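Remarks on the overall topology
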Amino acid sequence: MAKYRLIAATGCPTGIAHTYMAQEALEQAAKKKGITIKVETHGQVGVENRLTDQEIIEAEAVIIAADKDVQPERFAGKRIIDVSVSKGIKEADQLIAAALNGEGVISEKIEMAEGDKEKQHAQQSVGHSIYKNLMNGVSHMLPFVVSGGVLIAISFLWGIYSADPANAQYNEFAASLNRIGGFAMSMMVPVLSAFIAEGIAKRPGLVVGFVGGLIASDGGTGFLGGIISGFLAGYVVLGLIKALQPLPKTLDGLKAIFLYPVLGVLITGLIMTVISGPMASINEGMMDFLAGFENSSPLVLGVIVGCMCAFDMGGPINKAAYVTGTALLAQGNTSFMAGVSAACIAPPLITGFAVLLFGKYFEPNEKNAGLVNIILGSTHITEGAIPFAAKDPLRVLPIMMLGSSIAAVLTYFFRVQVPAPHGGFLVLPVVTHGLLWILAILAGSIVGGVLLGLVQKRKSLSV
C-alpha cells in the first residue's frame, strides 16, 4: 500500500462540483511540490476514495476543505488545517505549503499548547461552524426536494388538477406521482433538522433533530423552524453529554441508547412545541414578503437574487439564496426558485459566450474551460465560472452579477415557474413558460459574455 505524506477530505453542500474541484486543486498543488496526497471526497453519491486508518496514522498532516461534516474526529492527534471548500479550490498551493511547513493544529482530543489553541479557535470560528452544520443539513435535504419536486412537476403534465379525484383532469398515474413526490417533499424539514443536529452532536443528535424537525413541520414553521430545531437539538444533546459525563463509564451504553434520545427529544420537543406558533407566523410573513416582491417589484427582487447568486458562486451568499428558493419551493412557491436557477445558470454560460465570441483573446485552457462551462451551466452547475472570477475578481464578478441579475429580473417579469431546485435545462419539460426562461437566461449570459470578452480583449492588447 502506498504511503501518503498528506491526506485531505473535501465536501460541499450539494456534493456536485466544489467537492471535486477542491480535490483536483489539492492533487495538482501536491503534484507541483512533488509529494503524495490522497483526497477523500464527500459528494452527493457518498464518500469516495475513503481514507483508511493506516493512511491516517502515517500521514504528516490533514487538510479539511469542506462546508459539511466529514467526520473530523477520525483525525484525532493529527495536525489539521481546516478551511472552507472554496479555499481548497482557490488556495490549494498555499494549503499544501502550510501543511508541509508544520502549520495547523492538533485535534482537541490531544493536549495543545496555548498558541495552538488560539489558532484552532481562529480557524474554527463560530460563523464557519454554524455555516458548516447548516450546510450538512442542506446537503442531505437536497435529494429529497429534487426527487419530490421533479415527480410532482411531472404529475402536472396531465393537468394542474390531475391528482384531484373530483376533477375532470384526474389521472390515476399522475395522482400516484404527485403523492410519492409529496412524501419526499414532506421529509425536507425533518431531514434538514436531523443532519444539522448530527453535524453538531454526531449520531446522538440525529434522532433528536429528526423529531424536532417533525414538530417544526407539523407546526407550519417551514424551513426556518427546521433550522432552529436542528441547532436546538444539537446543542441540547451536547449539553446532555456534558451534564451526564460524571456518570460511571459502565453506563455509556445506557446514555447512548436511552438517556440522550429520551431527554433530548423531551427537551427539544417541548421547546419546539412552545415556539412553533410564533415561528409559523414569521415563516408566513417571509413568504408573503417575497411573494409581494415577485408581483410588485420583480426588478428589485431580480437584482438582489442575481447579485447573491453570482457574488461567490456556490459560497455562503449564493447558498443563502438557493436554500431560500428550495425551502419556498417545498411550500408551493415555484416562482422564486425560477429566478434563483436563472441566476445560477448564467455565470458559466457567460464564460462560454465570452470564449465563443472573443476566443482569440483567451488562452487555450480558458477556451476549453469556457466551452465545458456551457454544459455545466446548462445543468445548473455554477462553480465552473470560479476559475475565471478568481483570476480577476474585481472586474469579472461585477460582470457575472450583472448577467445573473438580468436573467433573474427577466425571469420574474415573464412569471416563469420552476418546480425543481436543480437540473438546469434538463427540467425544461416541467417549467412553466420554458422558452421565455431560456430567453431570459440567454439575454443575461450574452450581455455578460460580451462584457467579459471586451475586458479580456483589453487585457490582452495592453500586455
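Only a predicted model underlies this, so the values are computations on that prediction, with no experimental measurement involved. (Residues numbered from 1 in each chain as written. Predicted model: local features only at pLDDT ≥ 70, side-chain atom pairs only at ≥ 80, totals over all residues. Heavy atoms only, no water.)

Notes on the overall build of the protein
Short version of the rule: Here a strand is any run of E in DSSP of at least two residues, a helix any run of H or I of at least four, and the numbering for each starts at the N terminus. Atoms counted for the radius of gyration: C-alpha only. Globule rule: 2.2 Å times residue count to the power 0.38. Working definition: with a 1.4 Å probe on protein chains only, accessible area under 20% of the residue-type maximum means buried, over 50% means exposed, and in between means partly exposed. Any pair of residues with heavy atoms lying within 4.5 Å of one another is described as a contacting pair. When charges are counted, neither His nor the chain ends are considered; positive counts come from Lys and Arg and negative counts from Asp and Glu. Here the site of a charge means atom NZ of a Lys, CZ of an Arg, CG of an Asp or CD of a Glu.
When helices and strands are tallied, the protein shows 18 helices and six strands. In terms of C-alpha radius of gyration, the protein reaches 24 Å, essentially the compact-globule figure of 23 Å for 463 residues. Of all 463 residues assigned to the protein, the portion counted as buried reaches 52%. Within the protein, contacts between residues at least 6 apart in sequence are counted, and of these 71% link residues at least 24 apart. With 32 positive and 33 negative side-chain charges, the protein shows a separation of 6 Å between the mean positions of the two kinds.

Topic: the pairing of strand E4 (residues 61-66)
Short version of the rule: Any two strands between which DSSP finds at least two bridges are classified as paired.
Along E4, six of the six residues are buried, which leaves the element largely enclosed by surrounding structure. What you see with E4 is no split at all: Ala61, Ile63 and Ala65 on one side and Val62, Ile64 and Ala66 on the other are buried throughout. Here E4 pairs with strand E5 (residues 79-83) via five bridges, running parallel. Considered in E5, the bridge of Ala61 is made with Arg79.

Comments concerning the layout of surface pockets
It is a probe the size of a water molecule, rolled over the atoms, that shows where empty space is left. Using the following cut-off: Buried and open spaces are told apart on a 1 Å grid over the protein atoms alone, a cavity being a set of points where a 1.4 Å probe fits but cannot get out and a pocket being an open set with protein on both sides within 12 Å along at least five of seven lines. Residues with an atom within 4 Å of a point are the lining residues. Grid points are joined across faces, edges and corners, and a volume is the space filled by probe spheres set on the points. Three classes are used: nonpolar for Ala, Val, Leu, Ile, Met, Phe, Trp, Tyr, Cys and Pro, charged for Asp, Glu, Lys and Arg, and polar for all others, with Gly counted as polar.
The volume enclosed by the second largest pocket comes to roughly 620 Å³. Met21, Glu24, Ala25, Ile89 and Pro387 are, among the 21 residues lining the second largest pocket, the residues nearest its centre. Of all elements in the fold, only helix H1 (18-33), helix H3 (85-90), helix H4 (92-100), helix H15 (364-378) and helix H16 (386-391) reach the threshold of two or more residues within the lining of the second largest pocket. Here the lining of the second largest pocket gets seven residues from one element, more than from any other, and that element is H1. A breakdown of the residues in the lining of the second largest pocket according to their chemical character gives 11 nonpolar, three polar and seven charged.

Comments concerning the pairing of E5
Sheet faces and side chains relate simply in a regular strand, where the side chains alternate between the two faces. Burial runs high along E5: five of the five residues are buried. Neither face of E5 is exposed, since Arg79, Ile81 and Val83 on one face and Ile80 and Asp82 on the opposite face are all buried. When E5 meets strand E6 (residues 105-106), the two strands line up antiparallel, connected through two bridges. Paired with Arg79 across the bridge in E6 is Ile106.

A few points about the pattern of salt bridges
Formally: What makes a salt bridge here is a side-chain nitrogen of Lys or Arg within 4 Å of a carboxyl oxygen of Asp or Glu, nothing more.
Overall, the coordinates contain eight salt bridges when judged by the stated rule. One salt bridge connects Arg5 with Glu60, and the closest N-O pair in it is separated by 2.8 Å. Of this pair, Arg5 sits in the segment before strand E1 (6-11) while Glu60 sits in the loop between helix H2 (53-58) and E4; the two residues are 55 residues apart in sequence, bridging distant segments of the chain. Here Arg5 falls in the partly exposed class, since its relative accessible area comes to 34%. Salt bridges linked by common partners bring Asp392, Arg395 and Lys459 together as one network.

Considerations on the environment of Gly209
Within the secondary structure, Gly209 sits in helix H9 (residues 203-218). On the basis of relative accessibility, which here comes to 0%, the residue Gly209 falls in the buried class. On a C-alpha basis, the gap between Gly209 and Ser129 in space is 17 Å, while along the polypeptide they are 80 residues apart. Not counting chain neighbours up to four residues away, the residues in contact with Gly209 comprise Pro190, Ser193, Ala194, Ala197 and Ala233.

Digging into the packing of helix H14 (residues 335-357) against helix H18 (residues 434-462)
Test applied: The convention used is that axes are lines fitted to C-alpha atoms, helices contributing only their stretch in contact, and that angles between N-to-C directions extend from 0 to 180 degrees. An angle counts as roughly parallel when it lies under 35 degrees, as roughly antiparallel when it exceeds 145, as roughly perpendicular when it falls between 65 and 115, and as oblique in every other case. Two helices cross in a left-handed way if the nearer one is turned anticlockwise from the farther one by less than a right angle. They cross in a right-handed way if the turn is clockwise.
Look at H14 against H18: their axes get within 7 Å of each other, and the N-to-C directions meet at 45 degrees. As summarised for this structure, H14 and H18 are arranged oblique, according to the angle between their axes. The two elements H14 and H18 cross, and the hand of that crossing is right-handed. Residues Ala338, Ser341, Ala342, Ile345, Ala346, Leu349, Ile350, Thr351, Phe353, Ala354 and Leu357 of H14 pack against Trp437, Ile441, Leu442, Gly444, Ser445, Ile446, Gly448, Gly449, Val450, Leu452 and Gly453 of H18.

So, the UniProt feature "transmembrane region" (unreviewed entry) in the protein
We count it as follows: UniProt positions are given in the numbering used here, feature names are shortened, and annotations may be inferred rather than shown by experiment.
Here, the residues flagged by UniProt with the feature "transmembrane region" (unreviewed entry) are residues 141-160, 180-201, 222-245, 257-277, 298-317, 337-358, 396-414 and 434-455. Along residues 180-201, the helical share is 95% and the strand share 0%, with 31 Å between the first and last C-alpha atoms. With 95% helix and 0% strand, residues 337-358 has its two end C-alpha atoms placed 32 Å apart.

Some remarks on the packing of helix H12 (residues 298-311) against helix H17 (residues 393-413)
Between two packed helices, the angle of one axis relative to the other and the distance separating the axes together describe the packing. The interhelical angle for the contact between H12 and H17, taken along N-to-C directions, is 140 degrees, at an axis separation of 7 Å. Taken together, H12 and H17 sit at an angle that is classed as oblique. In this structure, the crossing between H12 and H17 has a hand that is right-handed. Residue-level contacts link Pro298, Leu299, Leu301, Gly302, Val303, Val305, Gly306, Cys307, Ala310 and Phe311 of H12 to Leu397, Met400, Met401, Ser404, Ser405, Ala408, Val409, Tyr412 and Phe413 of H17. Counted by class, the contact of H12 with H17 contains 15 nonpolar, four polar and no charged residues.

Let's talk about the nonpolar core
Applicable threshold: Residues belong to one nonpolar core when they are buried, are Ala, Val, Leu, Ile, Met, Phe, Trp, Tyr or Cys, and are joined through side-chain atoms within 4.5 Å.
Within the largest apolar cluster, 33 residues are counted, with the highest numbers of intra-cluster contacts made by Val138, Val305 and Val340. Those elements giving two or more residues to this core turn out to be helix H6 (126-155), helix H8 (188-201), helix H10 (222-243), H12, helix H13 (316-330), H14 and H17. By residue number, the principal contributor to this core is H6, which donates eight residues. Not counting chain neighbours up to four residues away, the residues in contact with Val305 comprise Phe336, Gly339, Val340, Ala343, Ala408 and Tyr412.

Some words on the environment of Met337
Tracing the sequence through the fold places Met337 in helix H14. Assessed through its relative accessible area of 0%, Met337 is described here as buried. Beyond its immediate sequence surroundings of up to four residues, Met337 is in contact with Tyr322, Gly325, Thr326, Leu329, His380, Val418, Ala420 and Pro421.

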